[in-house]
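Geometric and topological summary
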Amino acid sequence: MKLFGVFLREIRIEHTLFALPFAYVGAILAARGIPSLSSLAWITVAVIGARTAAMAANRFLDREIDARNPRTARRALASGTLRPAAMVWATAAGLALLLWGALNLNPLCIKLVPIAIVLLLIYPLCKRFTWMGHFVLGAVDGLAPLGAYVGIAGRITLPAVLLFAAVTIWVAGFDIIYALMDLGVDRQQGIRSLPVRFGEASGRNLPLLLHVGMLLLLAGAGVLAGAGFSYYFGVAAVAVLIVYEEYLFRSGANLFVINERVFISNMMFSIFFLLTTVGGYV
């Protein structure tokens, strides 16, 4: 049981709270109401599988990089607490859950699964070659609302694409902030990130611009999908999030504190946005 607890911490099961609320938002917009419980259950299975596979693959592929970074050297694979095979099996199990969920939704979901698998397996490798890895990670999470929308509607529409784009740049934004913590180590190791490529100032300024873009994309998705009035309270919350992130950067707090608070505020936002979306249809 102790090793299982270590495993759950390693795959950051709490990160599912970023993906699941937006997956449900995609399903609600597609249904223009609350989907059936069975559909929501299969969407949940698919998202949990995808997130588990993505994080397990990340830990497996980055274990040597993590071991050379003082901040991550205590991670289970980097320190030898868990064997690499544990993450290989977790990746396979996560992919099986993703496929199982897709099979119980509709044929188009099944056709999208290979794209999801490619993205979630290559995004840990991107940091070795390109600073665009933040956006690949964002796209992995963006597939959650897109896939959920398709799972309900059986087709891809413009609102679904806008929702996918919104989540992509939202996640990319706070992942760029996260990368600031490792700026010095990444430079030494030759790891590619946007702050390494364009400087620390870019890592502080671009996320705010990306989140402004997210606000506009979410508003557009809501208009095209006929979202209810309360949906736009969730959109307005993005503006509050942007102001709060700007405040954090101006507060003089260290990057570890900033990242913790950004994580918590974004997790709370995703849940709030789900609630305001539900409110528009009940």
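Just so it is clear, the model here is predicted, and its values are computed rather than measured.

The rules behind each value
Residues numbered from 1 in each chain as written. Predicted model: local features only at pLDDT ≥ 70, side-chain atom pairs only at ≥ 80, totals over all residues. Heavy atoms only, no water. pLDDT = per-residue confidence, 0-100. Helix = DSSP H or I, 4+ residues; strand = E, 2+ residues; numbered from the N terminus. 1 Å grid on protein atoms, 1.4 Å probe; cavity = no way out; pocket = protein on both sides within 12 Å on 5 of 7 lines; lining within 4 Å. Points joined across faces, edges and corners; volume = space filled by probe spheres on them. Expected span 1.5 Å × (residues − 1). Buried < 20%, exposed > 50% of the residue type's maximum accessible area, 1.4 Å probe, protein only. Salt bridge = Lys/Arg side-chain N within 4 Å of Asp/Glu carboxyl O. Core = buried A, V, L, I, M, F, W, Y, C linked by side-chain atoms within 4.5 Å. Contact = heavy atoms within 4.5 Å.

Next up on the list: the confidence of the model for the protein. The predicted coordinates ought not to be read in detail in places where the model reports low pLDDT. Confidence along the protein averages 90 in pLDDT terms, with 97% of residues attaining 70 or more. Across the protein, the secondary-structure element scoring lowest on mean pLDDT is helix α1 (residues 2-10), at 69, and the one scoring highest is helix α9 (residues 158-179), at 95.

Our next topic: empty space enclosed by the protein. The full count for this structure, using the stated rule, is 1 cavity of 30 Å³ or more. For the largest cavity, the calculated volume is near 340 Å³. Lining the largest cavity are 21 residues, and of these L98, A116, L143, A144 and G147 lie nearest its centre. At the level of elements, α3 (37-61), α6 (84-103), α7 (107-126) and α8 (133-153) are the ones that each hand at least two residues to the lining of the largest cavity.

Backbone phi values are negative for most residues with the exception of glycine, while trans is the configuration of most peptide bonds. With a phi angle near 55 degrees, R32 is a residue other than glycine that sits in the positive phi range. Checked against the element boundaries, R32 lands in the loop between α2 (16-31) and α3.

What follows covers α9. Taking 1.5 Å as the rise per residue, α9 with 22 residues should run 32 Å; its terminal C-alpha atoms sit 31 Å apart, in good agreement. In terms of burial, α9 is a largely internal element, 17 of the 22 residues being buried.

Within the secondary structure layout, W89 lies in helix α6. For W89, a relative accessible area of 67% translates into the label exposed.

Another point: the pattern of salt bridges. Tallying each qualifying case throughout the model produces 7 salt bridges. Two residues, D66 and R75, come together in a salt bridge whose shortest N-O distance is 3.2 Å. Of the residues examined, D66 reaches a relative accessible area of 6% and is grouped as buried. Look at R75 and you get buried, because its relative accessible area is 17%. Salt-bridge contacts for R250 lead to E246; the nearest nitrogen and oxygen are separated by 2.4 Å. Of this pair, R250 and E246 both sit in helix α13 (residues 231-250), 4 residues apart, which is roughly one turn of that helix.

One finds F22, L29, W170, M214, L218 and F269 to be the most contacted residues of the largest nonpolar core, which totals 87 residues. Counting residues per element, this core draws most heavily on α9, which supplies 12 residues. Setting aside its immediate chain neighbours within four residues, F269 contacts F22, W170, M214, L218, G234, A237, V238 and L241.

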